[in-house]
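Residues per chain, in single letters:
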Amino acid sequence: AQSVTQLDSHVSVSEGTPVLLRCNYSSSYSPSLFWYVQHPNKGLQLLLKYTSAATLVKGINGFEAEFKKSETSFHLTKPSAHMSDAAEYFCVVSGSARQLTFGSGTQLTVLP
Amino acid sequence: EAGVTQFPSHSVIEKGQTVTLRCDPISGHDNLYWYRRVMGKEIKFLLHFVKESKQDESGMPNNRFLAERTGGTYSTLKVQPAELEDSGVYFCASSRYAGTGKNGELFFGEGSRLTVL
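For clarity, every value in this text was computed on a predicted model and none was experimentally measured.

**Observations regarding the interface of chain A and chain B**
Each partner contributes residues to the interface: chain A has 20 residues there, and chain B has 23 residues. Counting each side, the surface lost to burial between chain A and chain B is near 1,700 Å², with a carbon and sulfur contribution of 53%. For the pair chain A and chain B, the interface holds one salt bridge. Salt-bridge contacts for B:Arg37 lead to A:Glu88; the nearest nitrogen and oxygen are separated by 3.0 Å.

As structure tokens, this is what we get:
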């Protein structure tokens, strides 16, 4: 069994300040972990993924995430938020089954 | 290259009616998935096709839902009869490879929003 917990349903940051979106996972297997983003009226877009290679994963648009097995975490960060980053972000885990298990989502608001 | 396309983008129907959602995957992608997000809940897996065969339909909620993928190209998801709790956003995704390993990536469509009144 696998599960994902996104610790914040809403995060607000000012433009130019760092972004931290928190995710904890639970998996019986060595998991693959992902972050997806959904902008309004758009599909889900893959930001980055971890598949047992380097623990620090770099994604698109300046985002990165660090896999920490001891903490069962996969937090998403970005050094400097941009207005275009405002969207909903999903932490996702995939285990032995070929299904994705989604977190409940974090709505990111970027204030001018 | 066209992405995953879904139709309709939004459908409003009354309880008891039938709705059919369509998904056109990326050309050459044998794997096609349906997910849905009901109001206030997580996005949940419904089923997975490999070509025209149902690989995994463990997420289908009940027998009011019927998914098909004749010919292994586009897929349809029919809800008959629709109930209020079926309201939500239905996402389709496709991938060239099954699984989510090093080369695995699911490409999602924009979703079909279903409102049942």
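Now that the structure has been shown, we can carry on.
**Considering the confidence of the model for chain A**
Summing up the model confidence of chain A, the mean pLDDT is 91 and the portion of residues at 70 or higher is 96%. Least confident of the elements in chain A is strand β11 (residues 100-102) of chain A, whose mean pLDDT is 90; most confident is strand β3 (residues 19-21) of chain A, at 98.

**Some words on the packing of aromatic side chains**
Centre-to-centre distance and the angle between the planes together describe a pair of aromatic rings. This structure, assessed with the given rule, holds 14 aromatic pairs over all chains. With 5.6 Å between their ring centres and 70° between their planes, A:Phe102 and B:Tyr35 make a pair best called edge-to-face. Placement of the pair is A:Phe102 in strand β11 and B:Tyr35 in strand β4 (residues 31-38), with the two residues belonging to separate chains. Both residues of the pair, A:Phe102 and B:Tyr35, belong to the buried class. With a centroid separation of 5.8 Å and 55° between ring planes, the pair formed by B:Tyr35 and B:Phe108 is classed as tilted. Pair noted here: B:Tyr35 is in strand β4 and B:Phe108 is in strand β10 (residues 107-108), with a separation of 73 residues, a long-range link. Take B:Tyr35 and B:Phe108: they sit in the same class, and that class is buried.

**Brief notes about the nonpolar core**
A:Trp35, A:Leu48, A:Phe74, A:Leu76 and A:Tyr89 are the most contacted members of the largest nonpolar core, which totals 26 residues. Among the elements that line this core, the one with the most residues is strand β10 (residues 87-94) of chain A, at four residues. Apart from residues lying up to four places away in sequence, A:Leu76 is in contact with A:Val19, A:Leu20, A:Leu21, A:Trp35, A:Leu47, A:Leu48, A:Phe63, A:Glu64, A:Ala65 and A:Tyr89. Among the nonpolar cores identified, the runner-up in size contains 21 residues, and B:Ile13, B:Leu32, B:Phe49 and B:Leu77 belong to it.

**What about the side chain of B:Asp86?**
With respect to the element layout, B:Asp86 can be found in the loop between β8 (75-79) and β9 (88-95). With sequence-adjacent residues up to four places away left out, B:Asp86 is seen in contact with B:Arg36, B:Arg64, B:Phe65, B:Val79, B:Pro81, B:Leu114 and B:Val116.

So, how was this worked out
- Residues numbered from 1 in each chain as written.
- Chains lettered and ligands numbered in written order.
- Predicted model: local features only at pLDDT ≥ 70, side-chain atom pairs only at ≥ 80, totals over all residues.
- Heavy atoms only, no water.
- Contact = heavy atoms within 4.5 Å.
- Buried area = accessible area lost by both parts, 1.4 Å probe.
- Salt bridge = Lys/Arg side-chain N within 4 Å of Asp/Glu carboxyl O.
- pLDDT = per-residue confidence, 0-100.
- Helix = DSSP H or I, 4+ residues; strand = E, 2+ residues; numbered from the N terminus.
- Phe/Tyr/Trp six-rings, centres within 6.5 Å; stacked < 30°, edge-to-face > 60°.
- Buried < 20%, exposed > 50% of the residue type's maximum accessible area, 1.4 Å probe, protein only.
- Core = buried A, V, L, I, M, F, W, Y, C linked by side-chain atoms within 4.5 Å.

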